[in-house]
Amino acid sequence: MPYLRAMLFSEVIGQSWIKERLREMVSQKRLSHALLFLAKEGSGGLPLALAFSQYLVCEKNNGAAAPSGPSLFGDAPEPTTPTFGIDACGQCPSCQKAAQLIHPDIHYAYPVIPRKSGDKPVSTDYVKEWREFVSQFPYGNAFDWLQFIGAENKQGNITVRECDDINRKLSLKSFERSYKILIMWMPEYLGEAGNKLLKLIEEPPSDTIFVLVAEDDNRILPTILSRTQLVKIPALATSDIEAALQARAQAGAEQARRIASISEGNYREALAQMQHAESDWQGTIREWLNAVMRSGPAAQVKWVDEISKVGRERQKQFLRYFNHLLEQCIHLRTLGPAHVQVADNELDFAARLNKIVSLEQQQAIIQELDKAAYFVERNANPKMLFQALTFKLYHIITDNSLILMN
């Protein structure tokens, strides 16, 4: 089942305040011609951009339906006044086309790879794959997309030729008396070639809207960044992820609550946790701690070999789950069991961890796990990473050494 069933605000998980802000921009005529949706992974930047673009082109919603021509008596049809509501109608021809990503006035740009040596690809070369990807993984990230199109180790890019194509498409007249919209997903992949878009972004044709959807503004060309209006999209609320998992991924109430609590506002991560719900992360943690505290170097090497083979995504999930347990340890220690809403087995495990490590040691381990997750995301060598992390855990726990916090 697609995770995004229609390109409507009502189908985008949470973010009610952002939706209201976007509606106000339109109704109060404060809509900038260049918006930057800055959204961390899994918080819904792309679904919001898609829903917003449909909202702008919806015929019934904004009164912009194409006129049927003069009447039989030769008088011209009366112009209609836009009256934007709280959402797109989802039924008019423009909405239907926008939902299928085939609206002629909504264009897309995203990282692509050459299919063969010497190719100079543009986004439209991958439009079929793009429609499938958005239908199945609207909360996916750039890594998911590049693997979806078979990039393997190839680096995706938004190329010079893509910029030329954007300039050409947006210079044309709109097809359906609506806005012309460009959704550029992951402008971080736009190199110096992006300077070719500066004039178009600064002085666009009338009723032309740029929507850039990014995760890291530090990787965007400053010349482009300075020409956009920032719309900062926060991480999803835990309650919104919990409700979405139950409604869309058929998760049980307890499973949805547990996964939502460790997903850190990231719906993509929550879905990944659903896929690996059978993973015994507690057992993995127990084995690791035993290797660190009792079994010795041979057991540590064996554990590192095993964890290094499970893949980057599951390594991140493991680190996040360990952090989640340590946070519950701290809550249990400082607030008491009445304020810790976790499954009984997690509560028991947290109580046992509290007997092994102090509050300061738990905080030190959390910092090291956060650093490790950062480096896993950036393709660090897993054996070296987890071996180093094992040494740090040893010194924090057995030597009671907190110097590593710094």
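Shown above is the structure to which this text applies.
Residues numbered from 1 in each chain as written. Predicted model: local features only at pLDDT ≥ 70, side-chain atom pairs only at ≥ 80, totals over all residues. Heavy atoms only, no water.

Draft legend 1. Looking closely at the packing of aromatic side chains. Within the structure shown, the criterion is met by 23 aromatic pairs. Between tryptophan 130 and phenylalanine 133, the aromatic rings sit 6.4 Å apart at their centres with planes inclined by 25°, giving stacked as the arrangement. Of this pair, tryptophan 130 and phenylalanine 133 both sit in helix H5 (residues 127-136), three residues apart, which is roughly one turn of the helix. Like phenylalanine 133, tryptophan 130 is buried. (Phe/Tyr/Trp six-rings, centres within 6.5 Å; stacked < 30°, edge-to-face > 60°. Helix = DSSP H or I, 4+ residues; strand = E, 2+ residues; numbered from the N terminus. Buried < 20%, exposed > 50% of the residue type's maximum accessible area, 1.4 Å probe, protein only.)

Draft legend 2. Quick look at the sheet that holds strand S5 (residues 229-233). The strand order across the open sheet built from five strands is S2-S3-S4-S1-S5, with neighbouring strands paired in parallel fashion. With partners counted over all chains shown, the strands left at the sheet margins are strand S2 (106-109) and S5, one partner each. Across this sheet, the average inter-strand angle for adjacent strands is 20°, counted without regard to direction. Against the sheet, helix H2 (residues 45-57) touches strand S1 (34-39), S2, strand S3 (180-185), strand S4 (208-214) and S5, its axis set at about 175° to S3. (Pairing = 2+ DSSP bridges. Axes fitted to C-alpha atoms, helices over the stretch in contact; angles between N-to-C directions. Contact = heavy atoms within 4.5 Å.)

Draft legend 3. Structural detail: empty space enclosed by the protein. Scanning the entire structure with this criterion turns up two cavities of 30 Å³ or more. In this structure, the largest cavity spans a volume of roughly 120 Å³. In terms of lining, the largest cavity is formed by 17 residues, of which the most central are Gly45, Leu46, Gly140, Trp185 and Glu215. Those elements that place two or more of their residues in the lining of the largest cavity are H2 and S4. In terms of residue count, the dominant contributor to the lining of the largest cavity is H2 (three residues). Residues belonging to the lining of the largest cavity are distributed by class as follows: nine nonpolar, five polar and three charged. Taken as a whole, the second largest cavity spans an internal volume of roughly 40 Å³. Taken together, Leu289, Phe322, Leu326, Leu353, Ile356, Val357, Ile365 and Ile397 make up the full set of residues lining the second largest cavity. Listed by contribution, the elements that provide at least two residues to the lining of the second largest cavity are helix H15 (312-335) and helix H16 (344-356). (1 Å grid on protein atoms, 1.4 Å probe; cavity = no way out; pocket = protein on both sides within 12 Å on 5 of 7 lines; lining within 4 Å. Points joined across faces, edges and corners; volume = space filled by probe spheres on them. Nonpolar A, V, L, I, M, F, W, Y, C, P; charged D, E, K, R; others polar.)

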